[in-house]
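Coordinate inspection notes
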Amino acid sequence: MSERLAQSLLLGALILLPVRYVQAETPQDPIYIKTSNGWNAAYAHGNEYAEFRVIGNSAKLQDPYHILLRKDVGMMVSFVDKKELQSDRDLLSAHAQWEIDYWHQHASRVESNAREDLTGTRKDVKVTEIRVYNDKGAQLSSYLIGLAAKDGVFALSLSPAKKDIDPLVKELVSSFKLVPRNLDAEETKRLSTEAKTQR
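I will try to describe carefully the structure that is included in this document.

1. Quick look at the packing of aromatic side chains
For the structure shown, the criterion picks out six aromatic pairs. Note on phenylalanine 79 and phenylalanine 154: the rings are 4.8 Å apart at their centroids and 65° apart in plane angle, and the pair reads as edge-to-face. Of this pair, phenylalanine 79 sits in strand β6 (residues 73-81) while phenylalanine 154 sits in strand β10 (residues 152-159); the two residues are 75 residues apart in sequence, bridging distant segments of the chain. Neither residue differs from the other here; phenylalanine 79 and phenylalanine 154 are each classed as buried. An angle of 80° between the planes, with centres 5.1 Å apart, marks the rings of tyrosine 102 and tryptophan 103 as edge-to-face. Assessed through its relative accessible area of 17%, tyrosine 102 is described here as buried.

2. Considering the nonpolar core
Side chains of a nonpolar character, in soluble globular proteins, are inclined to be buried together. Ranked by size, the top nonpolar core spans 32 residues in total, and within it Phe52, Leu69, Met75, Ile145, Leu156, Leu158 and Val169 carry the most contacts. Contacts of leucine 69, omitting those with residues within four sequence positions, involve Val54, Ser58, Ala59, Gly74, Met75, Leu158, Leu168 and Leu172. Formed by 10 residues, the second largest nonpolar core is a distinct cluster that contains Ile100, Trp103, Ala107 and Val110.

Cut-off values and rules
- Residues numbered from 1 in each chain as written.
- Predicted model: local features only at pLDDT ≥ 70, side-chain atom pairs only at ≥ 80, totals over all residues.
- Heavy atoms only, no water.
- Phe/Tyr/Trp six-rings, centres within 6.5 Å; stacked < 30°, edge-to-face > 60°.
- Helix = DSSP H or I, 4+ residues; strand = E, 2+ residues; numbered from the N terminus.
- Buried < 20%, exposed > 50% of the residue type's maximum accessible area, 1.4 Å probe, protein only.
- Core = buried A, V, L, I, M, F, W, Y, C linked by side-chain atoms within 4.5 Å.
- Contact = heavy atoms within 4.5 Å.

As structure tokens, then:
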């Protein structure tokens, strides 16, 4: 199979991952600032934003919500409003269950596993490995990384989930943080200046 076809299939699989959210406010598209070793990203919702780093110069932005991290691994960026999750208590568990419930409606079999080994001691982030099977046994796998926010969950979905990308997931988790400020022009300029020091 050609590399281009494999990349197209991977991105197609990622697009099938649910991008659903109820809009309390329209989130701004994620922004990306080039660094010498990848990208710094920020994704706003209301008066806070999530930031994360995509490390490595092989990463290719497909659009603001889809990134080809390497030729065989894609990532989707999303936000899920807590109204959609219907839970005020444990947003991260509710978000993981929401995704799993979605796949139960569209697949023959769904398996999931919380991956605390990828989050360390952090309680504001949750990683869930999800494996989805069709009736012929074909499998789609992904890592769902959720970051708790005031109004919902910022999410990074990586596919396929496989052991050799665990270090990449740990890097993303360590850089995935909530910033309690508006992502306005002044903040964007600050992030751009900060990125220049990383070059």
